[in-house]
Amino acid sequence: MSNKIRIKKSILQYGYLKLEKQEVDIICENMEKEMRDYFEKNFPSQFKKFNELKQRQMEEHIQAHIKDEKNQDKINEDKEQPPTESIKDRPKINPDIKKMYRKIVEYSHPDKIGNNNNSQVFSDAAEAYKTKNVAKLLDIASSLNIEFTALSKETMSQLEKNISLLNEVIINKKSTTAWQWHKAEDEETKVNIIMHILNCEGII
């Protein structure tokens, strides 16, 4: 299979997964609200205990975070200033990623096109460049009708990793109780989900 065809297939695959993630996110968000309403209506006393537990956990998390920040500040104060990083010590930027980003900038940066019509595109591209998300850069480039027909083995490998990671995010989202609630076909299954949550939190 030619590099050009592999790139096109990868762009389509990433685009499909991106849309699937958006759909799953919306479904889970709606199901979380529906599940919460059901929980409160049908198990009011347990729901109250659950909320109190979550509130305590949140307060403990905040306090732990504040403590960690104070400890880190103290550590930083005690440390000597690190030596200035030389140019040769800086990590090399993948040439393909740099090329993709620069081309997208030409089509999206307000200073380049004279307006803010593509400001969100530019912002998304900057984030993708920072995180070395080849798949997202190619997806953005495709939306701007920018075509790349040849990429190095290193870049193709990174592209596959980006797609694989996005797929993992979707799989993880589909393992949540919100998604299980979405798939529940009867009342018994919904009750079992609530019981599972209460059991996991040690409320029953």
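Higher on the page you've got the structure.
Here we summarise the structure given alongside this text. (Residues numbered from 1 in each chain as written. Predicted model: local features only at pLDDT ≥ 70, side-chain atom pairs only at ≥ 80, totals over all residues. Heavy atoms only, no water.)

## Structural notes on the overall build of the chain
Counted only if it meets this: Going along the chain from the N terminus, every DSSP run of H or I of four or more residues is numbered as a helix, and every run of E of two or more is numbered as a strand. Any two residues having at least one pair of non-hydrogen atoms within 4.5 Å are treated as being in contact.
What the chain contains, in helices and strands, is 9 helices and 0 strands. In sequence order, the chain lays out its α and β elements as α-α-α-α-α-α-α-α-α. Seen through its principal axes, the chain has C-alpha atoms that stretch 60 × 55 × 35 Å. Partitioning the contacts of the chain with sequence separation of at least 6, the portion at a separation of at least 24 is 72%.

## As for helix α5 (residues 119-130)
Spelled out, the test is: Expected span of a helix, by definition, is 1.5 Å for each gap between consecutive residues, and there is one gap fewer than residues.
Between its first and last C-alpha atoms α5 spans 17 Å; for 12 residues at 1.5 Å apiece the expected length is 16 Å, and the two agree. At the exit of α5 stands K132, carrying a positive phi of roughly 60°.

## A closer look at the nonpolar core
How we decide: What we call a nonpolar core is a set of buried Ala, Val, Leu, Ile, Met, Phe, Trp, Tyr and Cys residues that are connected through their side-chain atoms within 4.5 Å. Partly exposed residues are those whose accessible area sits between 20% and 50% of the maximum for their type, while under 20% is buried and over 50% is exposed, using a 1.4 Å probe and protein chains only.
I104, L138 and I194 are the most contacted members of the largest nonpolar core, which has 46 residues in total. When contributions to this core are tallied by element, the ones reaching two or more residues are α1 (3-42), α2 (44-78), α3 (95-108), α5, α6 (134-143), α7 (153-173), α8 (177-183) and α9 (187-200). Tallying contributions element by element places α1 first for this core, with 11 residues. With near-sequence residues (within four places) excluded, L138 lies in contact with I7, I11, M100, F148, L151 and L159.

## Describing the side chain of D96
Filter applied, for reference: When charges are counted, neither His nor the chain ends are considered; positive counts come from Lys and Arg and negative counts from Asp and Glu. When a carboxyl oxygen of Asp or Glu lies within 4 Å of a side-chain nitrogen of Lys or Arg, that pair is called a salt bridge.
By the secondary structure assignment, D96 is in helix α3. Buried within the structure, D96 lacks any salt-bridge partner; its nearest side chain of opposite charge belongs to K99, at an N-O separation of 6.1 Å. Once residues lying within four places of it in the same chain are set aside, the contact partners of D96 are L151, S152 and T155.

## Side note on the pattern of salt bridges
Think of it this way: side chains of opposite charge can pair up when their charged atoms draw near. Taken as a whole and judged by the stated rule, the model has 10 salt bridges. A salt bridge links K173 to D25; its shortest N-O distance comes to 3.9 Å. Within this pair, whereas K173 is found in helix α7, its partner D25 is found in helix α1, the two being separated by 148 residues in sequence. The exposure class of K173 is partly exposed, given its relative accessible area of 28%. Take D25: its relative accessible area is 25%, and that puts it in the partly exposed class. For E201, the salt bridge is made with K54, and the minimal N-O distance between the two is 2.9 Å. With E201 in the segment after α9 and K54 in helix α2, the pair connects residues that are 147 residues apart, well separated along the chain. E201 sits in the partly exposed class, given a relative accessible area of 25%. Residue K54 is classed as partly exposed on the basis of its relative accessible area of 31%. Bridged by salt links that share partners, the residues K21, D25 and K173 form one connected network.

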